Structure formats: C-alpha cells, structure tokens
Amino acid sequence: MDYQYDDQNIFAKILRGEIPCAKVLETEHSLAFNDIAPKAPQHVLVIPKGRYVCYDHFARAASDAEIVDYTRAIGTICAELGVSPGEGGNGYRMIANAGNDGVQEVPHLHVHILAGRNIGPMVLMRS
Ligand code: AMP
C-alpha cells in the first residue's frame, strides 16, 4: 500500500481551519459538513480527521478507534438527517469515490450521503 497524502487538498485545509465549512457533526476522529455543490436536497460529506486518501487506505491503515468513530458518525448523521429507513426515513445513497476510475476529485477520504429525493440509477451505463 503506497498512498501519498497531499496536505494541500481542500479537506486538509478545512480540517486545519484554513477554509470554512458548514459543519454538521464533529467527533474525536471525524468531521461532517455540507457539500459546497449539493447534488441532492441533502448532501453531506463525512471525512476522517486522519490523513487517509480513500476508503481502502483508511480501512487498512486506520486504528480501530478511528474506524469505529467514523462508522458511528455516519450512523449518527443518517439519524439526524432523518433519512434512516429503520426510523421512517426515505433512505439515502452513500458513495465513496476512489482514484481515477472512481472519479475522486478530493484526495482525502470522504463519503457522500445523498438524500431528499430519489437518487436514481446506481451508475451511468456506458457501452
Ligand atoms: P469527489 O468527486 O468524490 O472527490 O467529491 C468531492 C466533493 O467535494 C464534491 O462533491 C465537491 O462539491 C465537494 N467540495 C469541494 N470543495 C468543497 C468545500 N470547500 N466544501 C464542501 N464541499 C466541497
């Protein structure tokens, strides 16, 4: 595993407080904020505070405490947004893009939580 973390990426700047964000939740190891260009009525990004490029990097290199915190933060946000199907919500889509083929723009792990309308087909089909 050879990930080079870019400390100048936009989410690193948000974590350092150099750029503002519309914060939704902050925990010991995680931060969630609204996407600046929302693709659905509710569009929240959840990031770990650690220097992880994408999900598989995090899943393999993060501590158990970071992984638990991040996973629980996602659960809390779904509950707070009122989108959890188990609590009468209409559901959501969670996306974690990685690398070139995943079309990841910001090289700091983030999951997108999209909700508030039917999010449509899972992927665009191309021949
Ligand atoms: P991805 O293509 O998965 O890397 O998604 C990156 C996301 O970050 C996009 O949905 C952008 O709209 C979002 N984004 C970029 N800059 C900011 C920012 N300063 N605050 C909040 N969201 C941002």
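See the structure above.
Here's a quick rundown of the structure.

Thresholds applied
Residues numbered from 1 in each chain as written. Predicted model: local features only at pLDDT ≥ 70, side-chain atom pairs only at ≥ 80, totals over all residues. Heavy atoms only, no water. Near = heavy atom within 4 Å. Polar contact = N/O pair within 3.5 Å; in protein donor to acceptor, adjacent residues only side chain to side chain. Areas by Shrake-Rupley, 256 points an atom, 1.4 Å probe, with all protein chains shown as cover. 1 Å grid on protein atoms, 1.4 Å probe; cavity = no way out; pocket = protein on both sides within 12 Å on 5 of 7 lines; lining within 4 Å. Sits in = over half its atoms within 2 Å of the grid points. Helix = DSSP H or I, 4+ residues; strand = E, 2+ residues; numbered from the N terminus. Nonpolar A, V, L, I, M, F, W, Y, C, P; charged D, E, K, R; others polar. Disulfide = S-S within 2.5 Å. Buried < 20%, exposed > 50% of the residue type's maximum accessible area, 1.4 Å probe, protein only. Points joined across faces, edges and corners; volume = space filled by probe spheres on them. Expected span 1.5 Å × (residues − 1). Contact = heavy atoms within 4.5 Å. Core = buried A, V, L, I, M, F, W, Y, C linked by side-chain atoms within 4.5 Å.

Considerations on the site of the ligand
The ligand sits among 17 residues. The nearest are Asp35, Asn97, Glu105, His110 and His112. A distance of 3.1 Å separates a nitrogen atom of the ligand from a polar atom in the backbone of Ile36. In the complex, the protein chains occlude 89% of the 510 Å² of accessible area that the ligand would expose alone. The cavity where the ligand resides is the largest pocket. Of all the secondary-structure elements, those providing two or more residues to the shell around the ligand are α1 (10-15) and β2 (30-34). No other element matches the 3 residues that α1 contributes to the shell around the ligand. In terms of residue class, the shell around the ligand is built from 9 nonpolar, 5 polar and 3 charged.

Remarks on the state of the cysteines
Working definition: the covalent bond between the sulfur atoms of two cysteines is a disulfide. Summed over all chains, the structure comprises 0 disulfides. No disulfide involves Cys78; its sulfur sits 18 Å from that of Cys21, the nearest cysteine. Residue Cys78 is classed as buried on the basis of its relative accessible area, which comes to 5%.

A short note on the layout of surface pockets
For the largest pocket, the calculated volume is near 990 Å³. Around the largest pocket, the lining is made up of 33 residues, and of these Lys39, His43, Asn97, Glu105 and His112 lie nearest the centre. Mapped onto the lining of the largest pocket, the elements with two or more residues apiece are α1, β2, β3 (42-48), β4 (93-95) and β5 (111-115). Take the lining of the largest pocket: its biggest share by element is 3 residues, from α1. Split into classes, the residues belonging to the lining of the largest pocket amount to 19 nonpolar, 7 polar and 7 charged.

With respect to helix α3 (residues 64-81)
Taking 1.5 Å of rise per residue, the 18 residues of α3 would be expected to cover 26 Å, and the 26 Å separating its terminal C-alpha atoms lies within 8% of that figure. Among all positions in α3, only Glu66, Asp69, Tyr70, Ala73, Ile74, Ile77 and Cys78 are buried. Lining the buried residues of α3 we find β1 (23-26), β2, β3, α2 (55-61), β4 and β5. One or two steps after α3, the chain reaches Gly82, where phi turns positive at roughly 75°.

Quick look at the nonpolar core
Of all hydrophobic cores here, the largest spans 17 residues; its most connected members are Ala32, Val46, Phe58, Tyr70, Ile74, Ile77 and Ile113. Of all the elements in the fold, those that place two or more residues in this core are β3, α3 and β5. For this core, the element with the highest residue contribution is α3, accounting for 5 residues. Setting aside anything within four residues of it in sequence, one finds Ile77 in contact with Leu25, Ala32, Val44, Val46 and Ile113. In terms of nonpolar packing, the next biggest core, distinct from the first, is built from 7 residues, Ile14, Leu31, Leu45 and Ile47 among them.

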